[in-house]
Amino acid sequence: MTDLIRFLMCAPDHYDVDYVINPWMEGNIHKSSRDRAVEQWHKLHHIIKEHAIVDLVPPQKGWPDMVFTANAGLVLGNTVVISRFYHKERQGEEPHFKEWFLNQGFIVHELPKDLPFEGAGDALLDREGRYLWAGYGFRSELDSHPLLAKWLDIEVISLRLIDDRFYHLDTCFCPLTGGYLLYYPPAFDSYSNHLIEMRVPSEKRIVVQEPDAVNFACNAVNINQNIIMNKVSEQLKSNLTNAGFNVIETPLTEFLKAGGAAKCLTLRVTEPVMPERSATVQVESRVVRMEGHLLDSGLINQALDLIVEGGGSFKVLNFNLGEQRQSTSLAEVKVSAPSHEIMEEIMSQLIEIGALVPTEDVQDAKLEPVEKNGVAPDDFYVTTIYPTEVRVKGQWIRLQNQRMDGAIAITETENGIQAKCKILRDLEVGEQVVVDVVGIRTIRKTESREKRNTEEFSFMSAGVSSERRVELVVEQVAWELRQIRDRGGKVVVTAGPVVIHTGGGSHLSHLIREGYVQGLLGGNAIAVHDIEQSMMGTSLGVDMKRGVAVHGGHRHHLKVINAVRRHGSIAKAVEAGLITKGVMYECVKNNVPFALAGSIRDDGPLPDTQMDLIKAQEEYGELLRGAEMILMLSTMLHSIGVGNMTPSGVKMVCVDINPAVVTKLSDRGSVESVGVVTDVGLFLSLLVSQLDKLTRPYSLAEG
Ligand code: ARG
């Protein structure tokens, strides 16, 4: 039986660490001892010969890594797929390995020149021969997997490597006799771990801990019940023994310096073909196009990063660089993903940043009917803040009511086809909803550097502004507010009670009085504390002038709520002369509409507070319609709610003392949102004085 098993090895005559192509080689150039390497290799050779036949391929001068025959190619039956090395440092090995296989009578398959795949280093057969585990992420390209499936007629399971110390699959993964698996899970992304767990039952998974993993414990040669490996821990040895294996240790320190051990130094060239297999592979690919100031705006990097981070891989098919600063670039990128779900996830993110499907591949969007009111079909496309178009019956239709986290509902009337962004609960039976990610495009302008620098909100594109920049932001916001007011535009403020506690109430009142605010959104609390302050001079029982708690002050806000409830509404309380100043007073007096959304912790509430949340969201939506700018003042809850309802293009300024809130909100990936980490009372006071400055008669002295 054993004499039927053959391995290919290559004597270490020319072995050395001559260059660095993996992290293990770093700092080890010419540091491995020749004598020791030769001795260790011969020991390994000897052990393997006790269990199998060893064939030798002649070593070649100038190709020091040729000892690692695992990377010669991938064998199954009488077929071999020859490696295409990722690094030029090893590409010279290819013809020598090819010659050896041809001489042995193998059917040789060669991958395209630019499609890296590093043989049995990155592709390991299940020991029962049922499928092929194939790695990608560092050396081998995901796009090689479909070809392996085709040529070897076997199911391929693609696993993504994410830790560069484990750059080849065989450094962290070793299928064993009897369906066992020796592996180091952190070397893989979570999707891949999930795939592994689906195929290998937990009692057959032998997990290696990091100290053994970095000693290349997974880089083991398995011949029936024998496992030949570098020195490992007692714990791992006993785990293997308990699973019925015989562990044979042999030192391979000199090869570790090049990033290899027992398995890398061998290639099993007898891999019997199992009868019931068939080629299947999940890998999918699609081509997308991106146009615009791709480099200037960093968009191309962003796109490629999100493909890789999402678990896919890419190939840039074309890149036409815009030559002048004002001209745009065009890129065509082939995206591959190990499954349909991953492809969809990546595509929807690419669409979000403006990627297009090339015209010749454009298809109509896939539609599925709403079967239950308020429920979308499973695979529905989730909308973003960016203007979106959907292709129905060959025409591109612009979505109405663009907002985040909605579904796209398509209706056909005599006026033609309509596409609307709808929140789930509003979907109705009879509507068609867009599923999947085909036939959808997002319109995103990528700004050129010049444009970004001259746009008013340009300085804000960097996201969160530091304390030093607060004044600059205030100047810009004041300028913007003034312009919007003068052209009769719309600014909406969403504010939390902190505005009142920090003494910002009088400044916000001023803004409303002067016509800078066209709508106010908040909760019960801001109104209560504002009215408490105007009626009793305290905010949550604290004297606003002296900053000290007033005796019995904690009951103030309830008295206030009660008084307003007696009048029936805030407006009536204002008319009756109960409320004579403050934010709510100014709203009533200046006909600025407001919406107060209730929550579980509300006391009272005030009669104006909308405790039906669905209605409250609708009221918010109503007031936000047509807004050009939104000031978000110290309220995470209401700001996030507002952010989700707002399409891109609306300028948002988020002010909060907590950087996390600001980051969250200014993270819309659009130039028009800006965060300011500062005390909101201070911000408002600076804003008011800046606006006053703009209103003062022009004086030459100011320059
Ligand atoms: N220095 C070689 C490289 O980086 C080591 C190859 C190890 N081989 C393996 N199958 N893991 O390519």
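About the criteria used
- By convention here, each chain's residues receive numbers from 1 onward along its written sequence.
- Side-chain atom pairs in this predicted model are given and counted only at pLDDT of 80 or more, local residue features only at pLDDT of at least 70, and totals for whole chains, interfaces and linings cover all residues.
- Hydrogens are left out, water is left out, and the side-chain values use all remaining heavy atoms of the structure.
- A run of DSSP states H or I qualifies as a helix once it reaches four residues; a run of E qualifies as a strand once it reaches two. Both are numbered from the N-terminal end.
- It is over C-alpha atoms that the radius of gyration is taken, and the globule rule equals 2.2 Å times the number of residues to the power 0.38.
- Under the scheme applied here, a residue whose accessible area is under 20% of the maximum for its type counts as buried, over 50% as exposed, and between as partly exposed, the area being computed with a 1.4 Å probe on protein chains only.
- The contact definition used throughout considers only heavy atoms, calling two residues in contact when any of these lie within 4.5 Å.
- Here the open area of atoms and residues is found with the Shrake-Rupley method and a 1.4 Å probe, where only the protein chains shown may cover a residue.
- Take the buried Ala, Val, Leu, Ile, Met, Phe, Trp, Tyr and Cys residues and link them wherever side-chain atoms come within 4.5 Å; each set so joined is a nonpolar core.
- To be near a molecule or strand, a residue needs just one of its heavy atoms within 4 Å of it.
- Polar contact is defined as a pair of N or O atoms within 3.5 Å, subject to the rule that within protein one atom must be able to donate a hydrogen and the other to accept it, and that residues adjacent in sequence are counted only when both atoms are side-chain atoms.
- pLDDT: the predictor's confidence for each residue, scored from 0 to 100.
- Think of a 1 Å grid over the protein atoms and nothing else: a 1.4 Å probe that fits but is trapped marks a cavity, an open set flanked by protein within 12 Å on at least five of seven lines marks a pocket, and residues with an atom within 4 Å of a point count as lining.
- Grid points are joined across faces, edges and corners, and a volume is the space filled by probe spheres set on the points.
- Nonpolar residues are Ala, Val, Leu, Ile, Met, Phe, Trp, Tyr, Cys and Pro. Charged residues are Asp, Glu, Lys and Arg, and all others, Gly as well, are polar.
- Two strands pair if DSSP finds at least two bridges between them.
- To get an axis, fit a line to the C-alpha atoms, keeping to the stretch in contact for a helix; angles then go from 0 to 180 degrees between the N-to-C directions.
- What sets the label is the angle itself: under 35 degrees gives roughly parallel, over 145 gives roughly antiparallel, 65 to 115 gives roughly perpendicular, and the rest give oblique.
- Should the near helix be turned anticlockwise from the far one by less than a right angle, the crossing is left-handed, and should it be turned clockwise, the crossing is right-handed.
- Each patch is assembled from residues with relative accessible area greater than 30% and no salt bridge, linking like charges that lie within 9 Å and nonpolar side chains (Val, Leu, Ile, Met, Phe, Trp, Tyr) that lie within 5 Å.
- By definition here, a salt bridge exists when the distance from a side-chain nitrogen of Lys or Arg to a carboxyl oxygen of Asp or Glu is within 4 Å.
- In this count, Lys and Arg are taken as positive residues and Asp and Glu as negative ones, while His and the chain termini are left out.
- Lys charges are placed at NZ, Arg charges at CZ, Asp charges at CG and Glu charges at CD.
- Each aromatic pair joins two rings of Phe, Tyr and Trp (for Trp, the six-membered one) with centres within 6.5 Å, and gets the label stacked for planes under 30 degrees apart, edge-to-face for over 60, and tilted for any other angle.
- Criterion for a charge above a ring: Arg CZ or Lys NZ at most 6 Å from the ring centre, at most 35 degrees from the ring normal.

Here we take up the overall build of the protein chain. A tally of regular secondary structure across the protein chain gives 22 helices and 34 strands. The C-alpha atoms of the protein chain give a radius of gyration of 33 Å, which is well past the 27 Å a tight globule of 703 residues would have. Burial analysis of the protein chain (703 residues in total) assigns 54% to the buried set. Across the protein chain, every contact between residues at least 6 apart in sequence was considered, and the portion connecting residues at least 24 apart equals 68%. Entry remark: accessible area of the protein chain is about 31000 Å², with carbon and sulfur atoms responsible for 50%.

The next point concerns the nonpolar core. It is characteristic of soluble globular proteins that their nonpolar side chains tend to be buried jointly. In this structure, Leu508, Leu511, Ile570, Leu633, Val653, Phe683 and Leu687 are the most contacted members of the largest nonpolar core, which totals 50 residues. Of all the elements, helix H12 (residues 470-486) adds the most residues to this core, at 7 residues. Among residues more than four places away in sequence, those in contact with Leu687 are Val474, Val477, Ala478, Leu481, Leu511 and Leu631.

Let's shift gears to unusual backbone geometry. Cis geometry is adopted by the peptide bond preceding Pro605, which originates at Gly604 and carries an omega value of -5°. Looking at the element boundaries, Pro605 is found in the loop between strand E31 (594-597) and helix H19 (613-624). The backbone of Asn224 shows a phi angle near 50°, a positive value even though the residue is not glycine. Tracing the backbone shows Asn224 in the loop between strand E12 (221-223) and strand E13 (226-229). Residues other than glycine seldom take positive phi values, yet Asp436 does so here, at roughly 65°. Position of Asp436 among the secondary structure elements: in the loop between strand E24 (432-435) and strand E25 (440-442).

Let's shift gears to the site of the ligand. Surrounding the ligand, one finds 17 residues, the nearest of these being Asn22, Arg90, Arg139, Asp170 and Cys264. Note that an oxygen atom of the ligand is positioned 2.8 Å from one of the side-chain N or O atoms of Arg139. Asp170 places a polar side-chain atom, nitrogen or oxygen, 2.7 Å from a nitrogen atom of the ligand. In the complex, the protein chains occlude 100% of the 350 Å² of accessible area that the ligand would expose alone.

Residue position: Pro358 is located in the loop between helix H10 (340-352) and strand E19 (366-369). The sequence separation of Pro358 and Val288 amounts to 70 residues, and the corresponding C-alpha distance is 6.2 Å. Beyond its immediate stretch of four places on either side in the chain, Pro358 contacts Val287, Val288, Arg289 and Glu332.

The next thing to look at is the confidence of the model for the protein chain. Residues at a pLDDT of 70 or more form 93% of the protein chain, whose mean pLDDT is 89. Segment residues 452-456: pLDDT under 50, and 11 contacts once partners within four positions in sequence are set aside and those in other chains are kept. Here residues 458-465 scores under 50 on pLDDT; set against residues more than four positions off or in separate chains, the count is 25 contacts.

In this section: empty space enclosed by the protein. Applying the stated criterion across every chain, the model contains 3 cavities of 30 Å³ or more. Taken as a whole, the largest cavity holds about 280 Å³ of empty space. In this structure, the largest cavity is lined by 20 residues; those nearest its centre are Leu124, Arg127, Lys263, Arg268 and Glu271. Elements with a minimum of two residues in the lining of the largest cavity: strand E3 (73-76), strand E6 (123-125), strand E9 (173-176), E12 and strand E15 (267-268). In terms of residue class, the lining of the largest cavity is made up of 13 nonpolar, 2 polar and 5 charged. The calculated volume of the second largest cavity comes to roughly 70 Å³.

Let us now look at the pairing of E9. Neither face of E9 is left uncovered, since the one carrying Phe173 and Pro175 and the one carrying Cys174 and Leu176 both have all their residues buried. With antiparallel pairing between neighbouring strands as the criterion, E9 and strand E10 (residues 180-183) make up a hairpin whose turn holds 3 residues, including Gly178 at a positive phi of roughly 80°.

A few words now on the packing of H12 against helix H22 (residues 680-695). Across the interface, H12 lies against H22 with an axial gap of 9 Å and an inter-helix angle of 55°. Classified by the angle their axes make, H12 and H22 are oblique. Here the hand of the crossing between H12 and H22 comes out right-handed. The residues of H22 that touch H12, namely those facing Val470, Val474, Glu475, Val477, Ala478, Trp479, Leu481 and Arg482, are Phe683, Leu686, Leu687, Gln690, Leu691, Leu694 and Thr695. Its residues assigned to classes, the contact of H12 with H22 comprises 11 nonpolar, 2 polar and 2 charged.

What follows concerns the sheet that holds E12. The strand order across the open sheet built from 3 strands is E12-E13-E14, with neighbouring strands paired in mixed fashion. With partners counted over all chains shown, the strands left at the sheet margins are E12 and strand E14 (246-249), one partner each. In this sheet, neighbouring strand axes are inclined to one another by 20° on average, regardless of whether the strands run parallel or antiparallel. Alignment of E12 against E13, held across 3 bridges, turns out to be antiparallel. Along E13, the bridge assignment pairs Ile223 with Asn226. Contacts between helix H1 (residues 34-49) and the sheet are confined to E12, E13 and E14, with E13 contributing the most and set at about 175° to the helix.

Where like charges cluster on the molecular surface, the negative patch consists of Glu341, Glu368, Glu371, Asp378 and Asp379. Position of Glu341 relative to the elements: it lies in helix H10.

Now for the pattern of salt bridges. Per the counting criterion, the structure on display carries 35 salt bridges. A salt bridge links Glu291 to Arg289; the shortest N-O distance between them is 3.2 Å. Taking relative accessible area as the criterion, Arg289 reaches 23% and is therefore assigned partly exposed. Arg487 is the partner of Glu628 in a salt bridge, and the nearest nitrogen-oxygen pair spans 2.4 Å. Taken together, the residues span a long stretch of sequence, with Glu628 in the loop between H19 and strand E32 (629-633) and Arg487 in the loop between H12 and strand E27 (491-495) at a distance of 141 residues. Taking relative accessible area as the criterion, Glu628 reaches 25% and is therefore assigned partly exposed.

So, on to the packing of aromatic side chains. Within the structure shown, the criterion is met by 12 aromatic pairs. Centre to centre, the rings of Trp24 and Phe216 are 5.2 Å apart; their planes meet at 85°, and the pair counts as edge-to-face. Pair noted here: Trp24 is in the loop between strand E1 (6-9) and H1 and Phe216 is in the loop between helix H6 (210-213) and E12, with a separation of 192 residues, a long-range link. Three or more aromatic residues link up through ring pairs in this structure, and these residues are Tyr131, Trp133, Phe173, Tyr183 and Phe188. A cation over a ring is seen here: Arg199 above Tyr131, with NZ or CZ 5.0 Å from the ring centre.

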